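Residue-level listing of the chains:
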Amino acid sequence: MKKIILATFLALLSYQIYAQESQTDYNFLRLPVSAHAAALGGDNITIIEDDPTLVFSNPALASSVSDKTINFNYMTYMEGTKTASASYIMAIRERGTLGLSAQYMNYGDIKEVTDNNVETGTFSASDISLAGTFAYELGKHFAGGVTAKFITSHIAGYNSIAMGVDIGINYYNENKDLSMSAVAKNLGGQLKAYNEEYESIPFDLQAGITKKLANAPFRFSFTMVDLTHWDASFINHCVFGVDIILSKTMYLATGYNPRRNNEMKIEDSSHGAGWSFGGGLQLERFKLQIAYGKYHISSSSLLFNLSYNI
C-alpha cells in the first residue's frame, strides 16, 4: 500500500509539473475549510489533531480523526455570497479511515446587463464539490491519504463538470512533537466545459512542517505552497503559523501569509490582509473552532467549525 501511494504521488506530480496552465476554474477550492488551518495563515497540512476539517487540507490527516465524527462549517465571504461545507469520518478496521465531504458556494443574485450596460435581470451562480477520502496508516510514523472529488459549477443556464484528486502523505513522531507532510491538491481537469475552451482546476503542490516546543506551550508551523509555479518571490510561497496551547482542550492561533498580503495591497496598504487569527475549544466529543482572515479585497471573513463525535 505504501509503495502504491508513493508511486502514484510521484507519477501525478511529474505530469502536473509539465502541464501548467495560466488560468484555473473552481477557485472556491482554494478557500480554507478548517478554521484551525485558516488561523495559521490559511494553508496548513501538518497539524495533528482530532479535527475532521483538516481532511480538506491533507487527506492523510484523516487517520488522526475519531471514528464516527460529523462536522459542519460556515464561512462569511463577500456580501451576498454563502459558503458552507460538511464532512463525516469513520474508521475502517485497524488502520483505515474513510471520509465523505461536501463544499458549497453560492454567489447570490448577479445583475445581467447588455453590452450597452442596460440591466435586463439577474442570474445566479454556484459551485459544488462532493468528495470521498481514504486514509491508511502506512507504519508507526507514516500515513497516506487520497481524496477524489466530483466538482460542478453553475452560472445562469450553463454548467461545467470536473474531477479532481488530492494525494497526501504525513510523517508524525509523537515523542518529538514533529509532523511533516507533502500534498498534491486538485490533480485532474474538466470533463465538461462551459464552452469549447477547457480550463484547469487549481493544482497546488504543498509541503510543510509543524514542531511543538518541548517545555513551552508553542507549536510552530511552516508551509510551502504553489511549489510548481515560481513566478513569484520565494517569500510568497511561504505561510507561517503559531499555536498557543492553553490546555488540552483550548488553543489560540495566528498566522501570516505573505502572498495574500501582497496580492491585496491597494495604494501600498493591505488593510490587514495576510494576517489571520483564531481559537478553539476541543472537548472529547464536541469541538468548536473560529478563525478570522481576509480572502477578498472587499471584505473580511469569519470561519466556523462545529464537530461532534457520535
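Note that this is a predicted model, so its numbers are computed, not measured. (Residues numbered from 1 in each chain as written. Predicted model: local features only at pLDDT ≥ 70, side-chain atom pairs only at ≥ 80, totals over all residues. Heavy atoms only, no water.)

Engineer: Lay out the overall build of the chain with the relevant residues and their values.
Structural biologist: Within the chain, the secondary structure is distributed over 3 helices and 14 strands. The C-alpha atoms of the chain give a radius of gyration of 19 Å, which matches the 19 Å a tight globule of 310 residues would have. For the chain, the C-alpha atoms occupy an extent of roughly 65 × 45 × 40 Å along the three principal directions. Contacts in the chain between residues at least 24 apart in sequence constitute 52% of all its contacts with a sequence separation of at least 6. Accessible surface, the chain as shown: approximately 15,500 Å² in total, 58% of it carbon and sulfur. The chain carries 23 positive and 29 negative side-chain charges, and their two centres are separated by 12 Å. (Helix = DSSP H or I, 4+ residues; strand = E, 2+ residues; numbered from the N terminus. Rg over C-alpha atoms; globule rule 2.2 N^0.38 Å. Contact = heavy atoms within 4.5 Å. Areas by Shrake-Rupley, 256 points an atom, 1.4 Å probe, with all protein chains shown as cover. Lys, Arg positive; Asp, Glu negative; His and termini not counted. Charge placed at Lys NZ, Arg CZ, Asp CG, Glu CD.)

Engineer: Quick one: what's the story with the environment of Asn305, residue by residue and with numbers?
Structural biologist: Residue placement: Asn305 occurs in strand 14 (residues 299–309). Separated by 33 residues in sequence, Asn305 and Gly272 place their C-alpha atoms 23 Å apart. Every residue in contact with Asn305, bar those within four places of it in the chain, is listed here: Val33, Ser34, Ala35, His36, Thr53, Asn71, Phe72, Asn73, Lys287, Leu288 and Gln289. A polar atom in the side chain of Asn305 sits 3.1 Å from the backbone oxygen of Val33. Within the local environment of Asn305, its side chain forms a polar contact with the backbone nitrogen of Ala35, the two atoms lying 2.6 Å apart. (Polar contact = N/O pair within 3.5 Å; in protein donor to acceptor, adjacent residues only side chain to side chain.)

Engineer: Can you lay out the pairing of strand 11 (residues 250–256) for me, pointing to particular residues and giving the numbers?
Structural biologist: By the alternation rule, side chains of strand 11 split into Tyr251, Ala253 and Gly255, which are all buried, and Met250, Leu252, Thr254 and Tyr256, of which none is buried. As judged from the 6 bridges shared by strand 10 (residues 238–245) and strand 11, these two strands associate in the antiparallel manner. For Val242, the partnering residue across the bridge sits in strand 11 and is Thr254. As consecutive antiparallel partners, strand 10 and strand 11 are separated by 4 residues. Here strand 11 runs beside strand 12 (residues 275–282); their pairing, made up of 7 bridges, is antiparallel. Following the sheet pairing, Tyr256 is matched in strand 12 by Trp275. (Buried < 20%, exposed > 50% of the residue type's maximum accessible area, 1.4 Å probe, protein only. Pairing = 2+ DSSP bridges.)

Engineer: Can you break down the packing of aromatic side chains residue by residue, with the values?
Structural biologist: Applying the stated rule across the entire model yields 6 aromatic pairs. When the centroid spacing of 5.5 Å and the interplanar angle of 40° are considered together, the rings of Phe222 and Phe240 count as tilted. Separated by 18 residues along the polypeptide, Phe222 in strand 9 (residues 218–224) and Phe240 in strand 10 bring together distant segments of the chain. Judged by its relative accessible area of 29%, Phe222 is partly exposed. (Phe/Tyr/Trp six-rings, centres within 6.5 Å; stacked < 30°, edge-to-face > 60°.)

Engineer: Let's hear about the nonpolar core: which residues, and what values?
Structural biologist: Membership of the largest hydrophobic core comes to 23 residues, with the highest contact counts inside it found for Tyr26, Phe28, Leu31, Met75, Tyr77, Ile151 and Tyr295. At the level of secondary structure, the elements contributing two or more residues to this core comprise helix 2 (35–39), strand 11 and strand 13 (286–296). In terms of residues, this core owes the most to one element, helix 2, which gives 3 residues. Leaving out residues up to four positions away in the same chain, Tyr26 has contacts with Ile151, Thr152, Ser153, Ser160, Ile161, Ala162, Gln190, Lys192, Ile201 and Pro202. (Core = buried A, V, L, I, M, F, W, Y, C linked by side-chain atoms within 4.5 Å.)

Engineer: Let's hear about the pattern of salt bridges: which residues, and what values?
Structural biologist: Here the idea is simple: oppositely charged side chains can pair when their charged atoms come close. Evaluation of the coordinates by the stated rule reveals 5 salt bridges. In this structure, Asp50 and Lys287 form a salt bridge, with 3.7 Å as the shortest nitrogen-oxygen distance. Of this pair, Asp50 sits in the loop between helix 2 and strand 1 (69–76) while Lys287 sits in strand 13; the two residues are 237 residues apart in sequence, bridging distant segments of the chain. With a relative accessible area of 23%, Asp50 lands in the partly exposed category. According to the relative accessible area criterion, Lys287 is buried, its value standing at 7%. In this structure, the salt-bridge partner of Asp166 is Lys149, at a minimum N-O distance of 3.0 Å. Within this pair, whereas Asp166 is found in strand 6 (residues 158–173), its partner Lys149 is found in strand 5 (residues 142–155), the two being separated by 17 residues in sequence. Across this residue pair, the class does not change: Asp166 and Lys149 are buried. (Salt bridge = Lys/Arg side-chain N within 4 Å of Asp/Glu carboxyl O.)

Engineer: An account of the layout of surface pockets is requested, with residue identities and associated values reported.
Structural biologist: Each pocket or cavity is described by its volume, and for the second largest pocket that value is around 550 Å³. Considering the residues around the second largest pocket, the lining is formed by 22 residues, among which Ile48, Glu49, Tyr172, Asp177 and Arg219 are closest to the centre. In terms of residue class, the lining of the second largest pocket is made up of 8 nonpolar, 6 polar and 8 charged. (1 Å grid on protein atoms, 1.4 Å probe; cavity = no way out; pocket = protein on both sides within 12 Å on 5 of 7 lines; lining within 4 Å. Points joined across faces, edges and corners; volume = space filled by probe spheres on them. Nonpolar A, V, L, I, M, F, W, Y, C, P; charged D, E, K, R; others polar.)

Engineer: Please set out empty space enclosed by the protein residue by residue, giving values where relevant.
Structural biologist: With a probe scaled to a water molecule rolled over the atoms, the places where space remains empty come into view. Scanning the model with the defined rule gives 2 cavities of 30 Å³ or more in all. Taken as a whole, the largest cavity holds about 100 Å³ of empty space. Lining the largest cavity, in full, are Phe28, Leu31, Pro32, Val33, Asn73, Tyr74, Met75, Thr83, Ala84, Ser85, Gln103 and Leu303. Elements supplying a minimum of two residues to the lining of the largest cavity: strand 1 and strand 2 (82–92). Within the lining of the largest cavity, the residues separate by chemical class into 8 nonpolar, 4 polar and no charged. Roughly 40 Å³ of volume is contained in the second largest cavity. Around the second largest cavity sit Asp50, Pro52, Ser66, Thr69, Glu284, Arg285, Lys287, Ser307, Tyr308 and Asn309, which together line it. Of the residues belonging to the lining of the second largest cavity, the class tally is 2 nonpolar, 4 polar and 4 charged.

The quantities given are spatial measurements derived from coordinates; they are silent on function.
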